[in-house]
Amino acid sequence: MSESWRGSMDLGSQSDESYQLERAHIEPIYDAFLCPLTKQVMRDPVTLENGQTFEREAIEKWFQECRESGRRPICPLTLQELRSIELNPSIALRNTIEEWTARNESVQLDIAGRSLSLTSSEKSVLRALKYIQHFCHKSRSNKHAVRNADLIPLIVDMLKSSSRKVRTEALETLRTVAEDDTDNKEAMGDPSTVRTIVKFLSHEQSQERKEAVSLLYELSQSESLCGKIGDVNGAILILVGMTSSKSEDVSTVAKAEQTLENLEKCEKNVRQMAENGRLQPLLTTLLEGPPETRLAMASFIGELVLSNDVKVFVARRVGSVLVDIMISGTTQAREAALKALDQVSSSEASAQVLLEAGILPPLIRDLFTVGVNQLPTRLKEISATVLANLVNSGSDFSSISIGPNNQTLVSEDIIHNLLLLISNTGPAIGCKLLQVLVGLTTSSNTVLNVVFAIRNSGAIISLIQFIEAPQKELRVPSIKLLHNLSPYMGQELADSLRGTAGQLTSLIKVISENEGITEEQAAAVGLLADLPERDSSLTGRLLDEGTFELVTSRVVRIRKGEIRGSRFVTPYQEGLVRVLARLTYVLADEPRAVSLAREHDLAVLFTDLLLTNGLDDVQMVSALALENLSQESKRLTRVPVAPEQGFCCSIFPCLSRRQTITGLCRVHLGFCSSRESFCLLEGRAVGKLVACLDHRNEKVVEAALAALCTLLDDGVDIEQGVLVLDEAQGIKPIIDILLENRTDSLRQRAVWALERILRSEDIACELSGNQNVATALVEAFRNADYRTRQVAELALKHVDKIPNFSGIFQKMG
């Protein structure tokens with residue numbers, strides 16, 4: 001029993017290396033120092049009634065086992081039964097052992113210190129480190145001895161060893177030395193030491209990384225060291241990354257989390273954590289900290305660059321608090337809150353959270369307040385920026401009350417006040433409020449309210465003046481706003497631009513800039529494109545400015561691929577084509593327009609643009625432009641004049657001979673070309689227009705059909721026009737349009753075209769048996785508008801579905 005028990009008392013935590021070092025005594029071990037049971041030097045020797053001495057812990061455990069086995073207590077050496085188990089401390093022996101131990105430990109520490117050298121063998125260094133760990137575990141006072149022996153710097157030096165085992169053991173040793181000892185932690189606080197420890201965090205999935213985190217956790221319990229750890233570049237970032245790692249050891253993640261929690265004691269660390277995505281400490285401080293700290297945290301939020309998800313998190317966590325500070329705080333606090341709200345409000349989702357927190361009413365009140373209680377200009381600028389962010393979130397501001405009379409942001413008096421502020425403040429505030437109006441006019445729910453207010457206030461003249469603003473930040477939102485207004489106030493804008501000296505020129509200058517395609521250019525050309533295309537006076541001004549030459553050049557360059565790569569190239573190209581197409585609406589009254597169209601061969605250009613797949617507006621506008629050009633073909637075609645017959649031919653008709661003129665257009669019966677007379681047939685546009693009849697967009701289909709209908713119009717050879725369509729396989733698509741009955745306007749066009757087509761007896765005979773066509777025409781005859789019903793009736797007569805009484809009466813006569 002005694003031998004078995006001795007094995008269980010062996011110090012299993014003590015490695016062979018440390019044990020060997022511990023036994024390197026300067027004095028021999030006296031037998032009296034050793035416990036007979038453990039064979040180890042005694043720390044607390046006690047004596048039994050028979051005079052035998054044992055380690056207190058060992059003999060108490062012996063007596064415990066005796067009781068558990070039902071035996072009477074006996075001496076483990078003499079095996080004699082004891083009458084008493086009283087333990088008497090051997091104070092003299094304990095003092096002697098302590099003195100002996102102190103002398104030996106001093107030597108052992110000295111030996112360990114001499115072994116801690118980069119030139120020592122790996123084995124001796126590991127033995128020394130293990131001994132120091134074992135030595136520190138013995139008592140708390142031993143940790144002081146390690147520090148007093150100046151071993152801490154030597155252990156730190158071992159972090160530079162080339163041996164991974166040594167480095168790992170050195171980290172573990174430093175942690176052991178630092179545990180529960182503030183002075184030892186401070187001794188490791190040299191910036192270079194902390195930096196070295198942090199470096200081990202970058203050792204992916206290694207024991208060194210794990211030991212380094214544990215050591216930093218110990219050091220971070222000292223408030224003075226928290227700042228030093230945070231000062232190491234990347235330390236907090238790495239720790240934050242470890243806490244969110246999916247592949248990291250669970251205990252390592254826990255230590256990293258605990259370390260960060262300790263580092264939160266330092267305000268600058270809280271800021272660093274926020275910069276690296278760990279915002280909870282900062283937000284907690286903002287919610288619970290003293291006023292000065294809350295102010296600092298609010299200011300810092302305004303300086304951060306946050307992802308949209310984080311903005312939503314911040315808005316939900318502290319949005320209401322920031323709004324409260326904005327309402328009732330000091331000027332300095334309100335500025336900090338506004339800057340934070342500016343940062344947080346710049347995403348749609350977070351802006352919605354702030355709107356629910358009630359930010360809008362006080363924000364509007366601050367902007368409109370004048371007098372002694374008004375905000376300083378710099379704060380009004382931030383307020384305007386926050387308002388612009390909120391409006392750009394896409395919320396329905398027609399339903400959010402901001403005043404006691406259920407006013408909303410789009411109430412007429414509120415819009416008037418915004419317009420007054422824009423006119424009476426500097427560019428910094430004005431540009432933000434213009435952005436507010438841009439946001440409100442972008443939404444279909446609020447644009448009509450803004451249009452109504454602007455029209456009633458007569459503010460369109462002052463808004464147009466911003467086109468000439470030298471500040472780009474003011475000019476861009478003003479052009480975007482006017483672009484948004486142009487579908488609703490096109491004629492007012494056209495009148496204002498015509499009546500001013502420089503705005504139209506400035507607008508064209510913006511379009512012509514060669515700095516790539518910008519949002520400003522796209523908005524500027526979109527504004528021009530939305531103005532009434534039949535306003536010949538405005539078109540004349542654009543001709544005077546050389547606008548169409550510029551636009552044509554830009555369209556050609558885009559088609560050649562010389563201008564590309566911008567996200568605004570599509571709206572820019574669409575706007576250019578629409579501006580160019582307005583030239584085709586004034587051909588009959590403006591000779592310069594005809595000359596320019598011929599010079600730049602616009603019929604061919606618009607025909608090519610029909611192939612711009614993916615840009616429906618470009619295809620639609622191009623087809624409409626071709627319709628306008630083709631309408632002019634009847635006027636511009638040069639019809640040959642037949643030579644007069646001589647006198648003899650008039651007396652003797654048999655002598656006259658009919659002269660045949662070659663090279664005439666089948667449809668227009670004259671000399672045609674795509675450049676000179678804009679003929680669709682000569683320009684080979686018919687096939688491309690027919691292809692557009694199968695487009696998914698009804699507007700493109702209708703525009704293409706309108707252009708093709710010019711070949712069937714009065715004033716041309718309709719029979720030849722039908723043949724041209726037949727040869728281009730265009731009749732079936734027209735019938736399909738009628739059968740599909742997609743829109744009323746398409747049906748009207750298709751019925752008109754089909755009536756003209758059915759004037760061909762061969763085609764009428766072929767389609768007379770097509771019940772689907774007859775049904776579609778009957779449906780149009782019954783339910784369409786008056787004009788379409790008349791045309792459908794004619795078409796039904798062609799296929800003998802309705803009797804042609806006029807023809808019967810003629811035969812009877």
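Residues numbered from 1 in each chain as written. Predicted model: local features only at pLDDT ≥ 70, side-chain atom pairs only at ≥ 80, totals over all residues. Heavy atoms only, no water.

1. Looking at the overall build of the chain
Okay, step 1: Each helix and strand counted, the chain has 45 helices and three strands in total.
Okay, step 2: In terms of overall dimensions, the chain is more spread out than a globule: its C-alpha atoms have a radius of gyration of 47 Å, far above the 28 Å expected for 813 residues.
Okay, step 3: Viewed in the frame of its principal axes, the chain has a C-alpha envelope of about 170 × 70 × 55 Å.
Okay, step 4: The proportion of buried residues among the 813 residues of the chain is 50%. (Helix = DSSP H or I, 4+ residues; strand = E, 2+ residues; numbered from the N terminus. Rg over C-alpha atoms; globule rule 2.2 N^0.38 Å. Buried < 20%, exposed > 50% of the residue type's maximum accessible area, 1.4 Å probe, protein only.)

2. Thoughts on the packing of helix H27 (residues 472-498) against helix H28 (residues 503-512)
Okay, step 1: It is at 13 Å that the axes of H27 and H28 come closest, and there the two elements cross at 130°. The angle between the axes of H27 and H28 places the two elements in the oblique class. Here the hand of the crossing between H27 and H28 comes out left-handed. Listed contacts from H28 to Arg475, Ile479 and Leu497 of H27 are Gln503, Leu504, Leu507 and Val510.
Okay, step 2: Broken down by class, the residue content of the contact of H27 with H28 amounts to five nonpolar, one polar and one charged. (Axes fitted to C-alpha atoms, helices over the stretch in contact; angles between N-to-C directions. Parallel < 35°, antiparallel > 145°, perpendicular 65-115°, else oblique. Left-handed = near helix turned anticlockwise from the far one by under 90°. Contact = heavy atoms within 4.5 Å. Nonpolar A, V, L, I, M, F, W, Y, C, P; charged D, E, K, R; others polar.)

3. A look at the side chain of Gln573
Okay, step 1: With respect to the helices and strands, the residue Gln573 is situated in helix H32 (residues 569-581).
Okay, step 2: Taking the relative accessible area as the measure of exposure, Gln573 reaches 7% and is therefore buried.

4. Points about unusual backbone geometry
Okay, step 1: The backbone phi angle of Lys39 is positive, close to 60°, even though this residue is not glycine.
Okay, step 2: Tracing the chain through its elements places Lys39 in the loop between helix H2 (16-22) and strand E1 (45-47).
Okay, step 3: Even without being a glycine, Phe678 presents a positive backbone phi close to 60°.

5. A closer look at the packing of aromatic side chains
The relation between two aromatic rings is expressed through the spacing of the ring centres and the mutual angle of the planes.
Okay, step 1: Scanning the model with the defined rule gives three aromatic pairs in all.
Okay, step 2: On the numbers, 5.3 Å between centres and 75° between planes, the contact of Tyr30 with Phe33 is edge-to-face.
Okay, step 3: Here Phe33 and Trp100 contribute two aromatic rings whose centre-to-centre distance is 5.5 Å and whose plane-to-plane angle is 65°, an arrangement assigned as edge-to-face. In this pair, Phe33 is assigned in the loop between H2 and E1 and Trp100 in helix H4 (residues 91-115), connecting sequence segments 67 residues apart. Grouping residues by exposure puts Phe33 and Trp100 together as buried.
Okay, step 4: The structure contains a cluster of three or more aromatic residues connected by ring pairs, namely Tyr30, Phe33 and Trp100. (Phe/Tyr/Trp six-rings, centres within 6.5 Å; stacked < 30°, edge-to-face > 60°.)

6. Some words on the environment of Thr47
Okay, step 1: Relative to the helices and strands, Thr47 is located in strand E1.
Okay, step 2: The buried category is assigned to Thr47, whose relative accessible area is 17%.
Okay, step 3: Between the C-alpha atom of Thr47 and that of Leu664, which follows or precedes it by 617 residues, the distance is 137 Å.
Okay, step 4: Polar contacts involving the side chain of Thr47 include one to the side chain of Ser90, which spans 2.7 Å. (Polar contact = N/O pair within 3.5 Å; in protein donor to acceptor, adjacent residues only side chain to side chain.)

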